[in-house]
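Now for the letters of each chain:
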There are 2 protein chains.
Amino acid sequence: MTKITDMIGIKYPIFQGGMAWVADHHIAAAVSNAGGLGIIGCGGADENWIRDQIHKCRELTDKPFGVNVMLMNPRAPQIAEVLAEEKVAVVTTGAGSAGKFIPMWKEAGIIVVPVVPSVAMAKKMEKDGADAVIAEGTESGGHVGELTTMCLVPQVIDAVSIPVIAAGGIADGRGVAAAFAMGAEAVQCGTVFCASEEVNIHQNYKDMIIKAKDRSTQVTGRKAGAPVRQIKNQLTKKFQELEDRNASFEEIESLGVGALRRAVVDGDLDNGTFMAGQIAGMITEIKPAKQIIEEMFEQANKILSAAGPVC
Amino acid sequence: MTKITDMIGIKYPIFQGGMAWVADHHIAAAVSNAGGLGIIGCGGADENWIRDQIHKCRELTDKPFGVNVMLMNPRAPQIAEVLAEEKVAVVTTGAGSAGKFIPMWKEAGIIVVPVVPSVAMAKKMEKDGADAVIAEGTESGGHVGELTTMCLVPQVIDAVSIPVIAAGGIADGRGVAAAFAMGAEAVQCGTVFCASEEVNIHQNYKDMIIKAKDRSTQVTGRKAGAPVRQIKNQLTKKFQELEDRNASFEEIESLGVGALRRAVVDGDLDNGTFMAGQIAGMITEIKPAKQIIEEMFEQANKILSAAGPVC
């Protein structure tokens, strides 16, 4: 039992990251049914899509699940209202400050857990009434901050008194054990669930994760102020070329339009953006979500139970 | 007792990073006397300087200590010979492949431990006869790779059978405990020893570490293929400006010439390069090396002893 499993009423202290396009009700329900916290990712979708996803998820599970809101989504205010109406168990937020929506969500009895890339944002979220924060390291897939999990997690823990969930670079029991050793109360994993049987993405995406080596990911968009970690392919080469010749923000952005959809839906190996964390290199097999979670915590519990003084 | 403390004959499974300009015999002897492995960093120095440093270190300690060779140093072959002649206990290497020197060092009874940024380099070093490897994450100060400690350490452990030492992002017992939870046999720390009493650097450098926040470091030189993590100041702004306008490699390089010396020796806040890891934000006090090490392992042992199943 950790503060997080107790707060939410789940068996395993693990959140499945609310990845845009990737995390729909299929994987969310599978993770929640397995005893973790499944999360539906809104990404750039609108409020009607997310309402439908919530209803579909409830048909598949009676366990708590969450929804991730990307705050840069222009429909975020409407989505925020739907989440309050639907009284989802947990809301996680990314890409901005959740502050203005927190009172409405708390009023609806929702547990609010923003994803934060820095100490300053963690402190702001605590002040604004968040119940916990997810400290997400730069090794994660998709939109990333600069601090690594090893550096971010303890510094956030020192700065806030609400529970901290570690994200970034965790895909097995060793990562879980390390996160708890640092003082985290739970972990959030994204990439490993892209290699699950239930996740509703193109097989080519899953295969990209399985084939990835340690150095297979790259961050593009740093210069434009929108860094995104993804698996190297023809598209990342094009991004790199544009960045190297100081192409305009518009030109770079236009290359990215629809690229995540091309990866997730079409499995377009050359023109899709296959967002994944650096830990993809460690993932070699597609498994059911239940097996992923059970093996992860069996290993973590074994490590933590056997641990003792090192000198 | 870990494989590393046993192999080298030290009390605490900790290496002090062999930082160029920073790590001379003062800090190396202090760390070795405290029961860790002190390391003198050659950086760009020549073989006479390093011979002198080894002799001075032996005057201050009868415990094992090491020397770090930066393989890009044009005098690396001469330095390598001096190390074999002097039969130092341990040699660590960075910025290149140590392969060609390993037979000579092994002949001299030296324990050889290359710093590696990737699985491929770790495998190569094992094949070439290294006794262990230091898997160093991108959160480290100075010259860095791309993989974070959380992602690099387990992937390297899976790839080699020699012991793995975790480096990057470790400055207290939580980081040590996390490294051991991932399967490391020791840790290497750099930045925290820049905030030691014994380290022979300008007070301004120490103060920069103490004042640093979580987001105070920046990597410059990525585009030029020579990424270096350092504390943000006027110099990093100038580097950024040059990189943003695609300045020539020569122009960027000329800005860096002598910059580390200006930081370490002159304490030049505006024009020096104050190399430090992201974990600098967690370091708030200057302490004797002995106290740093003892507190770190007291905390780590407490965490690891108290650890148990999390669900």
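For the structure itself, consult the block above.
Residues numbered from 1 in each chain as written. Chains lettered and ligands numbered in written order. Predicted model: local features only at pLDDT ≥ 70, side-chain atom pairs only at ≥ 80, totals over all residues. Heavy atoms only, no water.

Enquirer: I keep staring at the overall build of chain A and nothing clicks. Help me out?
Expert: Across its full length, chain A carries 14 helices and 11 strands. Radius of gyration (C-alpha) of chain A: 18 Å, near the 19 Å computed for a compact globule of 311 residues. If one aligns the C-alpha atoms of chain A with their principal axes, the spans along those axes are about 50 × 50 × 40 Å. Out of the 311 residues belonging to chain A, those deemed buried represent 60%. Looking at chain A alone, contacts between residues at least 24 apart form 61% of all its contacts between residues at least 6 apart. Accessible surface for chain A amounts to roughly 11,600 Å². Of this, 51% is attributable to carbon and sulfur atoms. Computing the positive centroid from 30 side-chain charges and the negative centroid from 37, chain A places the two 3 Å apart. (Helix = DSSP H or I, 4+ residues; strand = E, 2+ residues; numbered from the N terminus. Rg over C-alpha atoms; globule rule 2.2 N^0.38 Å. Buried < 20%, exposed > 50% of the residue type's maximum accessible area, 1.4 Å probe, protein only. Contact = heavy atoms within 4.5 Å. Areas by Shrake-Rupley, 256 points an atom, 1.4 Å probe, with all protein chains shown as cover. Lys, Arg positive; Asp, Glu negative; His and termini not counted. Charge placed at Lys NZ, Arg CZ, Asp CG, Glu CD.)

Enquirer: How should unusual backbone geometry be read in this particular structure?
Expert: The phi dihedral of Trp21 of chain A is positive, around 70°, even though this residue is not glycine. Within the fold, Trp21 of chain A resides in the loop between β1 (14–16) and α2 (25–33). Owing to a relative accessible area of 45%, Trp21 of chain A belongs among the partly exposed residues under this scheme. In this structure, Asn246 of chain B is a non-glycine residue whose phi angle is positive, near 55°.

Enquirer: How should the side chain of Lys287 of chain B be read in this particular structure?
Expert: Position of Lys287 of chain B among the secondary structure elements: in the loop between α13 (259–264) and α14 (289–306). Beyond its immediate chain neighbours, meaning those up to four positions away, Lys287 of chain B contacts Ala195, Ser196, Glu197, Glu198, Ile292 and Glu295 of chain B.

Enquirer: Sorry if this is basic, but what is going on with the interface of chain B and chain A here?
Expert: Note on interface size: it is often stated as the accessible area lost on association of the parts. Residue-level contacts link 52 residues of chain B with 52 residues of chain A. Of all residues in chain B, Met150, Arg174 and Val310 of chain B give up the largest surface area on contact with chain A, accounting jointly for 18% of the area buried on that side. Our count for the chain B to chain A interface comes out at two salt bridges. Salt-bridge contacts for Asp158 of chain A lead to Arg174 of chain B; the nearest nitrogen and oxygen are separated by 2.8 Å. Elements with a minimum of two residues in the side of chain B that touches chain A: α7 (149–159), α8 (173–182), α11 (234–244) and α14 of chain B. (Buried area = accessible area lost by both parts, 1.4 Å probe. Salt bridge = Lys/Arg side-chain N within 4 Å of Asp/Glu carboxyl O.)

Enquirer: Honestly, the nonpolar core in this entry has me stumped. Any pointers?
Expert: A general tendency of soluble globular proteins is for nonpolar side chains to be buried together. Counting 188 residues, the largest nonpolar core has Trp105 of chain A together with Trp105 of chain B as the members making the most contacts within it. Among residues more than four places away in sequence, those in contact with Trp105 of chain B are Val69, Ala80, Leu83, Ala84, Val91, Thr93, Ala98, Ile110 and Val112 of chain B. (Core = buried A, V, L, I, M, F, W, Y, C linked by side-chain atoms within 4.5 Å.)

Enquirer: Would you mind going over empty space enclosed by the protein with me for this structure?
Expert: Considering all chains together, one arrives at one cavity of 30 Å³ or more under this definition. Quantified by volume, the largest cavity comes out at close to 60 Å³. For the lining of the largest cavity, the residue count by class is no nonpolar, five polar and six charged. (1 Å grid on protein atoms, 1.4 Å probe; cavity = no way out; pocket = protein on both sides within 12 Å on 5 of 7 lines; lining within 4 Å. Points joined across faces, edges and corners; volume = space filled by probe spheres on them. Nonpolar A, V, L, I, M, F, W, Y, C, P; charged D, E, K, R; others polar.)

Enquirer: So what exactly am I meant to see when it comes to the sheet that holds strand β10 (residues 217–220) of chain B here?
Expert: One key point about sheets: their strands pair by backbone hydrogen bonds, in either a parallel or an antiparallel sense. Residue and element names in this part refer to chain B. Strand order in the open sheet made by the three strands is β7-β11-β10, with antiparallel pairing throughout. One side of each edge strand has no neighbouring strand; the edge strands of this open sheet are β7 (142–143) and β10. In this structure, β10 lies alongside strand β11 (residues 228–231), joined through four bridges in antiparallel fashion. Of the residues in β11, the one forming a bridge with Thr217 is Ile231. Lying over the sheet, α11 contacts β10 and β11, oriented at roughly 35° with respect to β10. (Pairing = 2+ DSSP bridges. Axes fitted to C-alpha atoms, helices over the stretch in contact; angles between N-to-C directions.)

Enquirer: Is there a simple way to explain the pattern of salt bridges in this structure?
Expert: Opposite charge on two side chains lets them pair, provided their charged atoms get close. One pass over the structure, following the stated rule, counts 28 salt bridges over all chains. Arg58 of chain B is the partner of Glu86 of chain B in a salt bridge, and the nearest nitrogen-oxygen pair spans 2.9 Å. Of this pair, Glu86 of chain B sits in helix α4 (residues 76–86) while Arg58 of chain B sits in helix α3 (residues 47–60), and the two are 28 residues apart along the sequence. For Glu86 of chain B, a relative accessible area of 14% puts it in the buried group. The class for Arg58 of chain B is partly exposed, based on a relative accessible area of 35%. Where Arg261 of chain B meets Asp266 of chain B, a salt bridge forms, and the shortest distance between an N and an O atom there is 3.8 Å. Within the structure, one salt-bridge network assembled from shared partners comprises Arg51, Arg58, Glu85 and Glu86 of chain A.

Enquirer: What should I look at first to understand the relation of the copies chain B and chain A in this one?
Expert: Between the two copies of this chain, the relationship is a rotation about some axis together with a displacement along it. Turning chain B through 180° and shifting it by 0.0 Å along the axis lays it on chain A, with an RMSD of 0.0 Å. Both copies of the chain, as the preceding transformation shows, are related through a two-fold rotation axis. Residue Ala178 of chain B, judged by its C-alpha, is the member of chain B lying nearest the rotation axis, at 2.0 Å. Mapped onto chain A, 100% of the interface residues of chain B are again interface residues, and the two copies thus contact each other with one and the same surface. (Least-squares fit on C-alpha atoms with pLDDT ≥ 70 in both.)

Enquirer: In this structure, what is going on with the environment of Val116 of chain B? I would like to understand it.
Expert: All names here are of chain B. One can find Val116 in strand β5 (residues 111–116). Between the alpha carbons of Val116 and Arg174 there is a distance of 23 Å; along the sequence they are 58 residues apart. Sequence-distant contacts of Val116, that is, excluding residues within four places in its chain, are made with Met121, Ala122, Met125, Val133, Ile134, Ala135, Glu136 and Leu152.

Enquirer: Sorry if this is basic, but what is going on with the environment of Ile210 of chain B here?
Expert: All names here are of chain B. The topology assignment puts Ile210 in helix α10 (residues 203–211). A relative accessible area of 23% places Ile210 in the partly exposed class. A sequence separation of 75 residues divides Ile210 from Ala135, and the C-alpha atoms of the two residues are 26 Å apart. Leaving out residues up to four positions away in the same chain, Ile210 has contacts with Ala195, Ile283, Thr284, Glu285 and Ile286.

Enquirer: I'm lost on the sheet that holds strand β3 (residues 65–70) of chain B in this one. Help?
Expert: Residues and elements named next belong to chain B. Read from one edge of the open sheet, eight strands run β1-β9-β8-β6-β5-β4-β3-β2, paired in parallel fashion. Two strands lie at the open edges of the sheet, namely β1 (14–16) and β2 (38–41), each paired on one side alone. For this sheet the average axis-to-axis angle between neighbouring strands, irrespective of direction, equals 25°. Here three bridges tie strand β8 (residues 164–167) to strand β9 (residues 186–189), and the two strands are oriented parallel to one another. Opposite Ala167, over in β9, you have Gln188 as the bridge partner. Against the sheet, helix α6 (residues 119–127) touches β5 and β6 (133–136), its axis set at about 165° to β5.

Enquirer: Is there a simple way to explain helix α6 (residues 119–127) of chain A in this structure?
Expert: Each full turn of the α-helix corresponds to 3.6 residues, which orients residues three or four apart in the same direction. Residues and elements named next belong to chain A. Turning to α6, its buried residues are Val119, Ala122 and Met125. The buried residues of α6 occupy an angular sector of 125° when the element is viewed end-on, so they sit on one face. Facing away from the buried surface of α6 by more than 90 degrees, the exposed residues are Ala120 and Lys127. Directly beyond the C-terminal end of α6, a positive phi value near 105° is found at Gly129. (Arc of directions from axis to C-beta.)

Enquirer: What is the right way to look at the packing of aromatic side chains in this model?
Expert: Aromatic ring pairs are defined here through the distance separating the ring centres and the angle between the ring planes. Residues and elements named next belong to chain A. Going through the model one piece at a time under the given rule, you end up with six aromatic pairs over all chains. Here Tyr205 and Phe274 contribute two aromatic rings whose centre-to-centre distance is 5.1 Å and whose plane-to-plane angle is 70°, an arrangement assigned as edge-to-face. With Tyr205 in helix α10 (residues 203–211) and Phe274 in the loop between α13 (259–264) and α14 (289–306), this residue pair connects regions lying 69 residues apart in the sequence. The buried category is assigned to Phe274, whose relative accessible area is 0%. (Phe/Tyr/Trp six-rings, centres within 6.5 Å; stacked < 30°, edge-to-face > 60°.)

Geometric descriptors of this kind do not, in isolation, establish any biological role.
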